[in-house]
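What follows is the residue order along each chain.
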Amino acid sequence: MEEIEKEKLPRHIAIIMDGNGRWAKKKNLSRISGHLKGVDSVREVVTACREMGIKVLTLYAFSMENWQRPKEEVTALMGLLKEYLLKERDEMVKNNIRLSAIGRLEDLSPDVRATLDEAIKQTKKCDGMILNLALSYGGRSEILYAVHGILSDLKKGRIKEEEIDLSSFPQYLWTRGLPDPDLLIRTSGESRISNFLLYQIAYTELYLTETLWPDFNREELQKAIVDYQSRERRFGLTSEQINGMEE
Ligand code: IPE
Ligand code: IPE
Ligand code: MG
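These numbers were taken from a predicted model, which means no experiment stands behind them.

Caption draft 1: Highlighting the overall build of the chain. In terms of regular secondary structure, the chain is built from 7 helices and 6 strands. Ordering the α and β elements of the chain from the N terminus gives β-α-α-β-α-β-α-β-α-β-β-α-α. For 247 residues, the compact-globule estimate of 2.2 N^0.38 gives 18 Å, and the chain sits close to it at 19 Å. Expressed as lengths along the three principal axes of its C-alpha atoms, the size of the chain is roughly 60 × 50 × 35 Å. Looking at the chain residue by residue over its 247 residues, the buried ones come to 47%. Long-range contacts, defined here as pairs at least 24 residues apart, represent 77% of the contacts in the chain between residues at least 6 apart.

Here's what the structure looks like:
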């Protein structure tokens, strides 16, 4: 397989981890077994990103809309999340990974929330990579949350109307302080965003793969990064401008 160019790594990779249910169905297993296998992929991808030198990895683990799934599935997913956090937090510290989370975290049950807060606290001094989990996340709600934050700061006189611009606005999003994703991966063959990072992906490179999330691994990740590195990110400019030549 083609090698990754170390000097052109995406700083921030975001992943829509999709296809656990279909993976299970193909094997005549329960959807929950698919999620369980999906956690192994999470471990492998987190380790691989850390080793490759990726700075931020955002994983879409649970959307706001996912609360509407059957109760048993939601309970199982929350159980897996809690178990993952409990099992992995020491490993994260060892590997210098800082955990963070975006989403309507107040929707999580008190015990899952406490476990999450504890893992965030335990890893807060780590600076090798940020593992950012999107939990009860919705991109539209995040934008509304930012609008409310701005209105409240306006009222308090902490910001002036003319200061609301492209540099201050992102500070009101849940992702404040994080760079925008360079690469967005979606597994399982779907070609949609499903309410993920709507504001932040304006110029993100998209990589869609048929591979179901439980089958996604280090090699698949490497393929995605190599593909990303072959692209020319123009940000609206011409190719000549990007390559430093006069038109
Ligand atoms: C992704 O797999 C996991 C979550 C959304 C929590 P799915 O559960 O959506 O799997 P499919 O799309 O049904 O195959
Ligand atoms: C997106 O997957 C959410 C996560 C991966 C957590 P979904 O399976 O919920 O998305 P849709 O319903 O296919 O758009
Ligand atoms: Mg799905």
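Now that the structure has been shown, the text picks up again.
Caption draft 2: Broad picture of the site of ligand 1. Around ligand 1 sit Met17, Asp18, Gly19, Asn20, Gly21, Arg22, Arg31, His35, Ala61, Asn66, Arg69 and Leu77, and those are all the residues in its vicinity. Within the backbone of glycine 19, one N or O atom sits 3.4 Å away from an oxygen atom of ligand 1. Within the backbone of glycine 21, an N or O atom sits 2.9 Å from an oxygen atom of ligand 1. Computed on the free molecule, ligand 1 has an accessible area of 380 Å², of which 87% lies beneath the protein chains in the complex. Elements supplying a minimum of two residues to the shell around ligand 1: α1 (20–26) and α2 (31–52). Among the elements that line the shell around ligand 1, the one with the most residues is α1, at 3 residues. The class makeup of the residues in the shell around ligand 1 is 3 nonpolar, 5 polar and 4 charged.

Caption draft 3: Structural detail: the pairing of strand β5 (residues 183–186). Of the two faces of β5, both are covered, the one formed by Leu183 and Ile185 as well as the one formed by Leu184 and Arg186. Where strand β1 (residues 12–16) meets β5, 4 bridges bridge the pair, whose relative direction is parallel. From the neighbouring strand, alanine 14 faces β5, where its bridge partner is leucine 184. Strand direction decides the pairing type here: β5 and strand β6 (residues 205–208), joined by 4 bridges, are parallel. Bridge pairing in β6 links leucine 183 to glutamate 205.

Definitions and cut-offs
Counting of residues starts from 1 at the beginning of each chain's written sequence and follows it residue by residue. Chains and ligands are labelled sequentially in the order written, the chains with letters from A and the ligands with numbers from 1. Whole-chain, interface and lining totals are the exception, using all residues; otherwise, since this is a predicted model, local features are given only for residues with pLDDT of at least 70 and side-chain atom pairs are given and counted only at 80 or more. Excluding hydrogens and water, the side-chain figures rest on all heavy atoms present in the structure. Counting from the N terminus, the helices are DSSP H or I runs at least four residues long and the strands are E runs at least two residues long. We compute the radius of gyration over the C-alpha atoms and compare it with the globule rule, which gives 2.2 Å times the number of residues raised to the power 0.38. The rule is simple: take the accessible area with a 1.4 Å probe, protein chains only, and divide by the maximum for that residue type; under 20% is buried, over 50% is exposed, in between is partly exposed. The contact rule is simple, with two residues in contact once any of their heavy atoms fall within 4.5 Å. The rule for a residue being near a molecule or strand is that one of its heavy atoms must lie within 4 Å of it. Throughout this description, a polar contact denotes any pair of N or O atoms lying within 3.5 Å of each other; where both atoms belong to protein, one of them has to be capable of donating a hydrogen while the other can accept it, and for residues adjacent in sequence the pair is counted only when both atoms sit in side chains. For every accessible area listed, the method is Shrake-Rupley and the probe measures 1.4 Å; residues are considered covered only by the protein chains on display. Throughout this entry, Asp, Glu, Lys and Arg are counted as charged residues, while Ala, Val, Leu, Ile, Met, Phe, Trp, Tyr, Cys and Pro are counted as nonpolar. The remaining residues, Gly among them, count as polar. Think of it this way: DSSP has to see at least two bridges between two strands before they count as a pair.

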